[in-house]
Amino acid sequence: MQRAALAAAQPRSYGEGAAIVCERLVRIFTAERVEVQALQGLDLVVDRGDLVALVGASGSGKSTLLNVLAGLDVPTAGTATVDGCDLLGMNAKERLRYRREVVGFVWQQTARNLLPFLTVSQNIALPMQLRGGKDARRTRGAARRYAARTGELLEALDIADLAGRRPAELSGGQQQRAAIAVAMANAPTVLLADEPTGELDSETGAAIFEAFRTVNRELGATVVIVTHDPMVAGEVRRTVAIRDGRTSSEVLRRTVTDEHGEETVSEREYVMLDRTGRVQLPAKFLEALGMEHRVAVDLAADHIEVRPDDHA
Ligand SMILES: Nc1ncnc2c1ncn2[C@@H]1O[C@H](COP(=O)(O)OP(=O)(O)OP(=O)(O)O)[C@@H](O)[C@H]1O
């Protein structure tokens, strides 16, 4: 009993139970004997069922992070866990299973998402067949299960009428819907997308974003979307900004309904406090007040004030 009481008194460990937990993640690339630190001690927790946009300037480390989360690249140091799988400790077999069953991905280029010689429904069934292996491919029960899941995904993504077409016979938006269905075939816990609306016009982009929302809401996937698209970033509950290989700030949005049933979205900006107490203030705030180098800090009763350097 004493042990139970002690365990109950323990604080919840960092990111416990979350879908994605990255702690002090480092990825160093060496190209022509020059070292590039693409991730420099990145911390990130994404809760189960969340829909998150990752934003940041070109070269800030977004794709590097996504490749690590997709199990395609291994970080140099730190810890990264997705649905309880330790991304630094997996062997080749575990990594393959991880990529087939735990994560799904949608890339910007269609060629990376869909096989050109297969129809949409064949593309969706393929990940299930690969997962099931040779034996499952021969059984009728498995074929029926795959067909049922394919039908469910075609419906959810509103592409049932395109089931028999090949990728070249689809528009960009239809290709991305099909890509989302393929990524969701094996019901992964986490769906990752790298600039999925990058090659689409804004109206089609908005519809694709709606498809991600459907997948998040109806199929229960945790969704992480890397995007430059301010429209996408503005529509999710949580936007995480990456700067210089670290998570630097977050915007959380909440829909508030007033007494007349009128809905408004309230936004709040947060900065990440690391374990040594460092914060990175938003560049636009610093520019607005002309703050650089040294700033004055004061402790108030319930907050900390940061002001321009007032020392004469
Ligand atoms: N394989 C690699 N070898 C060497 N350097 C790399 C490699 N991959 C990425 N980098 C470097 O790591 C840094 C982060 O790159 P990354 O592609 O993650 O940025 P990004 O935020 O996704 O950029 P973008 O928005 O332009 O796609 C960059 O300086 C990049 O040049």
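A quick note: this is a predicted structure, and the numbers were derived from the prediction, not measured.

**Comments concerning the sheet that holds strand S1 (residues 20-31)**
Inference 1: Reading across the sheet, the four strands line up as S2-S1-S4-S5 and stay open at both edges, with antiparallel pairing between neighbours. Of all strands in the sheet, those bounded by a partner on one side alone are strand S2 (34-46) and strand S5 (85-86).
Inference 2: Bridge count between S1 and strand S4 (residues 77-82): five bridges; the pairing is antiparallel. When the sheet's bridge partners are listed, isoleucine 20 is paired in S4 with valine 82.

**Details of the pairing of strand S6 (residues 103-106)**
Inference 1: The alternating pattern of S6 places Val103 and Phe105 on one face and Gly104 and Val106 on the opposite face, and all of these are buried.
Inference 2: Note: S6 against strand S7 (residues 190-194), four bridges, orientation parallel. Each bridged residue has a counterpart across the sheet, and for glycine 104 the counterpart in S7 is leucine 191.

**Some words on the nonpolar core**
Inference 1: Core analysis: the largest hydrophobic core is formed by 65 residues, its most contacted members being Ile180, Ala181, Leu192 and Phe212.
Inference 2: No other element matches helix H7 (residues 172-183), which puts six residues into this core.
Inference 3: Once you skip the residues sitting within four places of it in the chain, phenylalanine 212 turns out to touch Leu51, Ile180, Ala193, Val223 and Ile225.

**Things to note about the site of the ligand**
Inference 1: By nearness alone, every residue bordering the ligand is listed as Phe29, Ala31, Val36, Ala38, Gly56, Ser58, Gly59, Ser60, Gly61, Lys62, Ser63 and Thr64.
Inference 2: Considering every element that reaches the shell around the ligand, the biggest residue donor is helix H2 (residues 62-69), with three residues.
Inference 3: Taken together, the residues that form the shell around the ligand break down as four nonpolar, seven polar and one charged.

**What to know about the domain arrangement of the chain**
Quite often, the size of an interface is put as the accessible area lost when its parts meet.
Inference 1: Split into domains, the chain comes out as domain 1 (47-75 + 89-241) and domain 2 (282-312).
Inference 2: Between the C-alpha centres of domain 1 and domain 2 the distance comes to 43 Å.

**Details of the UniProt feature "domain: SpoVT-AbrB" (unreviewed entry) in the chain**
Inference 1: Those residues carrying the UniProt feature "domain: SpoVT-AbrB" (unreviewed entry) are residues 268-311 in this numbering.
Inference 2: Spanning residues 268-311, this segment combines 14% helix with 32% strand, and its end C-alpha atoms are found 31 Å apart.

**Digging into the environment of valine 45**
Inference 1: Its location among the elements puts valine 45 in strand S2.
Inference 2: Spatially, the C-alpha atom of valine 45 lies 5.5 Å from that of isoleucine 20, the residues being 25 residues apart in sequence.
Inference 3: Each residue touching valine 45, except ones within four places of it in the same chain, is listed here: Gly15, Ala18, Ile20 and Val21.

**Here we look at the sheet that holds S7**
Inference 1: Read across the sheet, seven strands follow the order S6-S7-S8-S3-S9-S10-S11 without closing on themselves; strand pairing throughout is mixed. The two strands at the open ends of the sheet, each matched to only one other strand, are S6 and strand S11 (263-271). For this sheet, the mean angle separating the axes of adjacent strands, direction not counted, is 20 degrees.
Inference 2: Here strand S3 (residues 51-55) runs beside strand S9 (residues 238-243); their pairing, made up of four bridges, is parallel. Its bridge partner being in S9, valine 55 is matched across the sheet by alanine 241.
Inference 3: Contacting S3, S7 and strand S8 (222-226), helix H8 (residues 202-218) crosses the sheet at an angle of about 155 degrees to S8.

Calculation notes
- Residues numbered from 1 in each chain as written.
- Predicted model: local features only at pLDDT ≥ 70, side-chain atom pairs only at ≥ 80, totals over all residues.
- Pairing = 2+ DSSP bridges.
- Helix = DSSP H or I, 4+ residues; strand = E, 2+ residues; numbered from the N terminus.
- Buried ≥ 20, exposed ≤ 12 C-beta atoms within 10 Å, placed from the backbone.
- Core = buried A, V, L, I, M, F, W, Y, C linked by C-beta atoms within 7 Å.
- Contact = placed C-beta atoms within 7 Å.
- Near = placed C-beta within 6 Å.
- Nonpolar A, V, L, I, M, F, W, Y, C, P; charged D, E, K, R; others polar.
- Domains from an automatic or database assignment.
- UniProt positions renumbered as here; feature names shortened; annotations may be inferred.
- Axes fitted to C-alpha atoms, helices over the stretch in contact; angles between N-to-C directions.

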